[in-house]
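# Coordinates in review
The lines below spell out each chain.
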Amino acid sequence: MNAMKLFLPVIVMLFSVSAIKAQNRKLQEKADALFENQEFYSAAGLYEKLAESTEADADKALFAEKAGDCYAGFLDYARAVRWYQTAFKSEVILKVEDKLAEMLLASGQYAEADVHYSHLIKNSADKSKYFDRSESCHFAAGQMLKVPAYEIVNMQELNSPYSDYSPLVINGRLLFTSARTGRDSARIFNYDGQGFSDIFQARYDSSLQKWVNITRLPNDVNGKFNEGTVSLNSKADEMLFMRCNEPNGKGKICRIYSCRIDLGRNDASKVTAMPLG
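Summarised in this report is the structure supplied together with it. (Residues numbered from 1 in each chain as written. Predicted model: local features only at pLDDT ≥ 70, side-chain atom pairs only at ≥ 80, totals over all residues. Heavy atoms only, no water.)

### Some details on the nonpolar core
- Core analysis: the biggest nonpolar cluster contains 33 residues, and Y47, C70, Y84 and Y117 have the highest contact counts within it.
- Those elements giving two or more residues to this core turn out to be α1 (2-36), α2 (40-53), α3 (57-73), α4 (77-90), α5 (94-106), α6 (110-123) and α7 (127-144).
- By residue number, the principal contributor to this core is α2, which donates seven residues.
- Each residue touching Y117, except ones within four places of it in the same chain, is listed here: A101, E102, L105, Y130, R133, S134 and C137.
- Listed in part, the 15 residues of the second largest apolar core include I170, L175, L232 and A236. (Core = buried A, V, L, I, M, F, W, Y, C linked by side-chain atoms within 4.5 Å. Buried < 20%, exposed > 50% of the residue type's maximum accessible area, 1.4 Å probe, protein only. Helix = DSSP H or I, 4+ residues; strand = E, 2+ residues; numbered from the N terminus. Contact = heavy atoms within 4.5 Å.)

Given below as structure tokens:
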């Protein structure tokens, strides 16, 4: 009876460990499938859970590296750096140090990036590559000490916490694309965790010296998924624009569409996909 009492906790512990391993294996399979489909935002959270729940250094390094790859995939440099640092601390692998240094350089942390490039120069066969990257760090750090030739102003009335890009100015109006949420905050693009991007317009008010009347273009132009860059003819009455990820938000193809546009009335018509060449 005493022997049974001794063995019972051991059996329970072994069963628990086996269950956790099976759970983690399923979680990894799901994360890998999302990653392969470029659903980086959804995959990142799963890899983070795996990295935090494992004790083995090699496994922790692998999952942390994959989390870093997800964040690097949609240019979230800060979180990519964090997870590459976790991976590199768990297991010193030059491939991971390369990725870490690249993200540090991209995020403007030139001194920190150069430390890793110096280590890679000493320990890697491809010394010329890392020597050039180290020189880039020195050059960028030197440029930061100079007085800027231009003043860069944040157009706060236009920018959101999400991706805002592809500005086009014509006849006192601005067309731009934004991944800001608002129309339907539940519709999240699993690639980067932001909203599906739409095309907006704004009008410049010279008396206020700012952009006003920021308006999303009509639903005929802005579909269920991602709209991208735009182009207008000289009369500003015909627009070409890019639409991606149809038919379900996970498609990999982008197509070019055309439409008639009246920016003053915020009206669009005859939205048509351009024929295949």
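The structure having been displayed, the exposition proceeds.
### What about the sheet that holds strand β3 (residues 198-205)?
- Overall, antiparallel pairing links the four strands, which are arranged β1-β2-β3-β4 in an open sheet. At either margin of the open sheet sits one strand with a lone partner, and together these are β1 (164-170) and β4 (210-216). Adjacent strand axes in the sheet meet at a mean angle of 25 degrees when their direction is disregarded.
- In this sheet, strand β2 (residues 173-178) lies alongside β1 in antiparallel orientation, the contact comprising five bridges. Note on β2: the bridge partner recorded for Y165 is T177. (Pairing = 2+ DSSP bridges. Axes fitted to C-alpha atoms, helices over the stretch in contact; angles between N-to-C directions.)

### What about the environment of E135?
- Its place among the elements puts E135 in helix α7.
- Judged by relative accessible area, E135 falls into the partly exposed class, the value being 39%.
- In this structure, the C-alpha to C-alpha distance between E135 and D114, residues 21 residues apart in sequence, is 8.5 Å.

### Re the state of the cysteines
- In total, this model carries one disulfide according to the counting rule given.
- The disulfide partner of C244 is C254, and the S-S distance across this bridge is 2.0 Å. On the sign convention where negative is left-handed, the bridge of C244 and C254, at about 110 degrees about the S-S bond, is right-handed. One end of the pair, C244, is in strand β6 (residues 238-244); the other, C254, is in strand β7 (residues 254-262), with ten residues separating them in the sequence. (Disulfide = S-S within 2.5 Å.)

### Some details on the pattern of salt bridges
- In this structure the tally under the stated criterion is 14 salt bridges.
- D76 is the partner of R79 in a salt bridge, and the nearest nitrogen-oxygen pair spans 2.8 Å.
- Close ionic contact of D262 with R265 constitutes a salt bridge, the shortest N to O distance being 4.0 Å.
- A relative accessible area of 63% places R265 in the exposed class.
- The network of salt bridges with shared partners includes E65, D69, K95 and K99. (Salt bridge = Lys/Arg side-chain N within 4 Å of Asp/Glu carboxyl O.)

### Observations regarding the environment of M144
- Note that M144 resides in helix α7.
- For M144, a relative accessible area of 61% puts it in the exposed group.
- For the pair M144 and D59, spaced 85 residues apart in the sequence, the C-alpha separation amounts to 39 Å.

### Things to note about α4
- Helix length check: α4, at 14 residues, gives a terminal C-alpha distance of 20 Å against a target of 20 Å (1.5 Å per residue), a fit within 8%.
- Among all positions of α4, only A80, V81, W83, Y84, A87, F88 and S90 are buried.
- For α4, the elements touching its buried residues are α2, α3, α5 and α6. (Expected span 1.5 Å × (residues − 1).)

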